[in-house]
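One-letter residues, chain by chain:
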2 protein chains.
Amino acid sequence: MSIPDWTSHFPGLRKLEPSIGRPLVENSKVVKLAAGTRIFGPGQSPEAYLLLLDGTVRVQQVSETGREIVLYRVSAGESCALTTACLMGYEEYQAEGVAETDVQAVAIPRTTFDELIARSAEFRRFVFTAFSMRVTNLFKIIDEVAFSRVDIRLAQKLLELADSQGRVALTHQQLASELGTAREVISRQLHEFQRRNWISATRGEISLVSIKDLQKLAGAP
Amino acid sequence: MSIPDWTSHFPGLRKLEPSIGRPLVENSKVVKLAAGTRIFGPGQSPEAYLLLLDGTVRVQQVSETGREIVLYRVSAGESCALTTACLMGYEEYQAEGVAETDVQAVAIPRTTFDELIARSAEFRRFVFTAFSMRVTNLFKIIDEVAFSRVDIRLAQKLLELADSQGRVALTHQQLASELGTAREVISRQLHEFQRRNWISATRGEISLVSIKDLQKLAGAP
DNA sequence: CAGTGCTTTGTGACTTCGTCACATACGACA
DNA sequence: TGTCGTATGTGACGAAGTCACAAAGCACTG
């Protein structure tokens, strides 16, 4: 059976020299994970560098009191870059990763990863770029959590998560987890948005009515 | 003039093969920066990988409204790992780095850095470990900012920043920046600590009186 | 289709945190 | 000893988080 060349799914890897790309493909394997699978979590060190072929993985942090905050998502074509930090580093993972959908991914063993880093400038760029994006994003989250108002953040999140019909199929609790706040706070804000006729809501789903107004709130102060 | 072999200052670099260590030393140069120098900031991409020989660098984020939060500090023997993310990655730095004291550092040019990553497993481990620590720490900050009470965080910070005599030579404003909160909030909390006789304060300096009580607050919920 | 049980949402009361607008107080230095 | 810049104190109020329930909404069952 021939091994499918999944490297073409990753723009950053397409230009890999064949002498590099072949061992990469041969030494790693494609894994499938069902939606809801916990991929890693506090106390579980990841064992391989993961590249997503399909689906999305949500990386989040859970507080002692049970409140949650979503740190970022990994989608098809991306790598779970921060796993790398822990893959390479001395510490255990503090956050947890959950498959949001069924997921197909390439698992690159630690040794292969290390070898690739050594041998391919192209691969290094790919890894570091992914890293850079995540870290920049973490900075942004800190900024928002520390300094930004929830109404603004909620408007941004709704716009970000809406599908093409302007619908967001999440419960208040799930939105609260996205922003790292409490469910009641979200309920009240949504109520206020509804009062202003910016959204309409049913159990478990929100429809954006006035995207323009939401953008105005989300944008300039 | 002989070039000083500063690699011995870095435990992670001591075991570098000479064939690797020599070019590292030869291609990089030692720089000195006066206290207060802004080393990098939003819009300024760093040009080199920095290893600190002496002094400390504070990395912080400034909000639109002027509030600040300290993300981490780089001390002697450490690398400003996250600079690397941006060094390697596609994006500009979102945070700013300021020399807190006079600083002596080794600046490794981008090309040399890349070459070292390629050639030395030892150096890779050094860089990734530093990375890992910072990222883990960023996770912790997000957790604390989002979920933890200021009185607890303030107690922790005081204990962390106290010198051997239990003194913290910072203004309320500076403490507020450490925690990403407002000065008034700190003033009130310190007042409360004082009322309970846990600290005593003079202009610009705080003395910890009952470290035990502070630890109790900082520790278990 | 009425009943039951789980999940989701609504709400009031209260605490904590952040903001604004000043009032004081301290300390260095002329 | 006065003056000036920085540091700290404070009240009022709005925004956000917590707690303890109440009330829907939905699925499944008999």
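Residues numbered from 1 in each chain as written. Chains lettered and ligands numbered in written order. Predicted model: local features only at pLDDT ≥ 70, side-chain atom pairs only at ≥ 80, totals over all residues. Heavy atoms only, no water.

1. A short note on the relation of the copies chain B and chain A
Part 1 of the reasoning: Least-squares fitting of chain B to chain A yields an RMSD of 0.1 Å, with the superposition described by an axial translation of 0.1 Å and a rotation of 180 degrees. Here the two chains are linked by the operation of a two-fold rotation axis. Among all residues of chain B, the one whose C-alpha sits closest to the rotation axis is A118 of chain B, at a distance of 2.1 Å.
Part 2 of the reasoning: Of the residues that chain B buries at the interface, 100% are likewise interface residues in chain A, meaning the two copies contact each other through the same surface. (Least-squares fit on C-alpha atoms with pLDDT ≥ 70 in both. Contact = heavy atoms within 4.5 Å.)

2. A short note on the sheet that holds strand β2 (residues 38-40) of chain B
Residue and element names in this part refer to chain B.
Part 1 of the reasoning: Strand order in the open sheet made by the four strands is β2-β6-β4-β5, with antiparallel pairing throughout. Bordering the open sheet on either side are β2 and β5 (68-74), each of which pairs with just one other strand. Pairs of neighbouring strands in the sheet enclose a mean axial angle of 35 degrees, with direction left out of account.
Part 2 of the reasoning: By the bridge criterion, four bridges tie strand β4 (residues 57-62) to strand β6 (residues 96-99) in an arrangement that is antiparallel. Across the sheet, the residue bridging to Q60 is E96, located in β6. (Pairing = 2+ DSSP bridges. Helix = DSSP H or I, 4+ residues; strand = E, 2+ residues; numbered from the N terminus. Axes fitted to C-alpha atoms, helices over the stretch in contact; angles between N-to-C directions.)

3. Here's the deal with the pattern of salt bridges
Residue and element names in this part refer to chain B.
Part 1 of the reasoning: For the structure on display, the rule yields 28 salt bridges over all chains.
Part 2 of the reasoning: Taking the shortest distance from any N to any O, the salt bridge between K157 and E178 comes out at 3.8 Å. With K157 in helix α5 (residues 150-161) and E178 in helix α6 (residues 172-179), this pair connects stretches of sequence that are 21 residues apart. Residues K157 and E178 agree in their burial class; the two are buried.
Part 3 of the reasoning: Of the charged contacts in the structure, one is a salt bridge between K216 and D213, with a shortest N-O distance of 3.8 Å. A residue pair is termed a helical-turn pair when its members lie 3 or 4 positions apart in one helix, as K216 and D213 do in helix α8 (residues 211-218) at three residues.
Part 4 of the reasoning: Of the residues examined, K216 reaches a relative accessible area of 60% and is grouped as exposed. (Salt bridge = Lys/Arg side-chain N within 4 Å of Asp/Glu carboxyl O. Buried < 20%, exposed > 50% of the residue type's maximum accessible area, 1.4 Å probe, protein only.)

4. Some thoughts on the environment of S200 of chain A
All names here are of chain A.
Part 1 of the reasoning: Along the chain, S200 turns up in strand β9 (residues 199-202).
Part 2 of the reasoning: Spatially, the C-alpha atoms of S200 and V31 are 40 Å apart, while their sequence positions differ by 169 residues.
Part 3 of the reasoning: With residues near it in sequence (within four places) discarded, S200 still touches Q194, E205, I206, S207 and V209.

5. A closer look at the pairing of strand β7 (residues 103-109) of chain A
The side chains of a regular strand alternate, residue by residue, between the two faces of the sheet.
Residues and elements named next belong to chain A.
Part 1 of the reasoning: When you tally the buried positions in β7, you get five out of seven residues, the bulk of the element.
Part 2 of the reasoning: As paired elements, strand β1 (residues 29-33) and β7 share five bridges and run antiparallel to each other. Directly across from K32, in β7, lies its bridge partner Q104.
Part 3 of the reasoning: Examined bridge by bridge, strand β3 (residues 48-54) and β7 share six bridges and lie antiparallel to one another. Across the sheet, the residue bridging to L52 is A105, located in β7.

6. With respect to the protein's contact with DNA strand D
Part 1 of the reasoning: Around DNA strand D sit 19 residues in total, of which T181 of chain A together with H172, R183, R188 and R203 of chain B are the nearest.
Part 2 of the reasoning: If you look at DNA strand D and keep only atoms within 4 Å of the protein, 58% of those are sugar or phosphate atoms.
Part 3 of the reasoning: Measuring from a base oxygen of DNA strand D, one finds a side-chain N or O atom of R188 of chain B at 2.6 Å.
Part 4 of the reasoning: G204 of chain B is positioned such that a nitrogen or oxygen atom in its backbone is 2.9 Å from a phosphate oxygen of DNA strand D.
Part 5 of the reasoning: Those elements that provide at least two residues to the surface near DNA strand D are α7 (183-195) of chain A together with α7 (183-195) of chain B.
Part 6 of the reasoning: The element that contributes the greatest number of residues to the surface near DNA strand D is α7 of chain B, accounting for five residues.
Part 7 of the reasoning: Its residues assigned to classes, the surface near DNA strand D comprises three nonpolar, seven polar and nine charged. (Near = heavy atom within 4 Å. Polar contact = N/O pair within 3.5 Å; in protein donor to acceptor, adjacent residues only side chain to side chain. Nonpolar A, V, L, I, M, F, W, Y, C, P; charged D, E, K, R; others polar.)

7. Section: the side chain of R124 of chain B
Part 1 of the reasoning: Tracing the sequence through the fold places R124 of chain B in helix α4 (residues 121-147).
Part 2 of the reasoning: Look past the residues within four positions of R124 of chain B in its chain and what remains in contact with it is D114, I117 and A118 of chain A together with I117, A118 and R119 of chain B.

8. Notes on the sheet that holds strand β9 (residues 199-202) of chain B
Residues and elements named next belong to chain B.
Part 1 of the reasoning: The strand order across the open sheet formed by three strands is β8-β10-β9, and the pairing between neighbours is antiparallel. The open sheet has two edge strands with one neighbour each: β8 (167-168) and β9.
Part 2 of the reasoning: As paired elements, β8 and strand β10 (residues 205-208) share two bridges and run antiparallel to each other. Bridge assignment links R167 to a residue of β10, and that residue is S207.
Part 3 of the reasoning: Its contacts with the sheet place α7 against β9 and β10, and it is angled at close to 125 degrees to β9.

9. Concerning the interface of chain B and chain A
Part 1 of the reasoning: On the side of chain A, 36 residues touch chain B, which itself brings 36 residues to the contact.
Part 2 of the reasoning: Overall, the association of chain B and chain A removes approximately 3700 Å² of surface from exposure, summing both partners, and the carbon and sulfur fraction of that is 74%.
Part 3 of the reasoning: When the buried surface of chain B facing chain A is broken down by residue, F128, F139 and F147 of chain B rank first, second and third, together holding 21% of it.
Part 4 of the reasoning: Linking chain B with chain A are two salt bridges.
Part 5 of the reasoning: The closest approach of N and O atoms between R124 of chain A and D114 of chain B, which form a salt bridge, is 3.1 Å.
Part 6 of the reasoning: Counting across the interface, chain B meets chain A through six residue pairs in polar contact (both at pLDDT 80 or more). (Buried area = accessible area lost by both parts, 1.4 Å probe.)

10. Section: the protein's contact with DNA strand C
Part 1 of the reasoning: In the vicinity of DNA strand C, 18 residues are found, and the nearest of them are R183, R188, R203 and G204 of chain A together with T181 of chain B.
Part 2 of the reasoning: In DNA strand C, the atoms that sit within 4 Å of the protein are 53% sugar and phosphate, with bases accounting for the remainder.
Part 3 of the reasoning: In the environment of DNA strand C, a base oxygen lies 3.1 Å from a nitrogen or oxygen atom belonging to the side chain of R203 of chain B.
Part 4 of the reasoning: Residue assignment for the surface near DNA strand C shows that the elements contributing at least two residues are α7 of chain A together with α7 of chain B.

11. Comments concerning the domain arrangement of chain A
Residues and elements named next belong to chain A.
Part 1 of the reasoning: Per the domain assignment, the segments of chain A are domain 1 (5-146) and domain 2 (149-218).
Part 2 of the reasoning: In this structure, domain 1 and domain 2 have C-alpha centres spaced 29 Å apart.
Part 3 of the reasoning: Contacts between the two partners involve seven residues from domain 1, matched on the other side by ten residues from domain 2.
Part 4 of the reasoning: Summed over both sides, the interface of domain 1 with domain 2 buries roughly 690 Å², with 39% coming from carbon and sulfur.
Part 5 of the reasoning: Together, R67, E68 and E144 form the three largest contributors to the area buried by domain 1 at its contact with domain 2, with a combined 54%.
Part 6 of the reasoning: At the boundary of domain 1 with domain 2, the tally comes to one salt bridge.
Part 7 of the reasoning: Across the salt bridge formed by E178 and R73, the nearest N and O atoms sit 2.5 Å from each other.
Part 8 of the reasoning: Linking domain 1 with domain 2 are three residue pairs in polar contact (both at pLDDT 80 or more), by the criterion used here.
Part 9 of the reasoning: If you list the elements that add at least two residues to the side of domain 1 that touches domain 2, you get β5 (68-74) and α4 (121-147). (Domains from an automatic or database assignment.)

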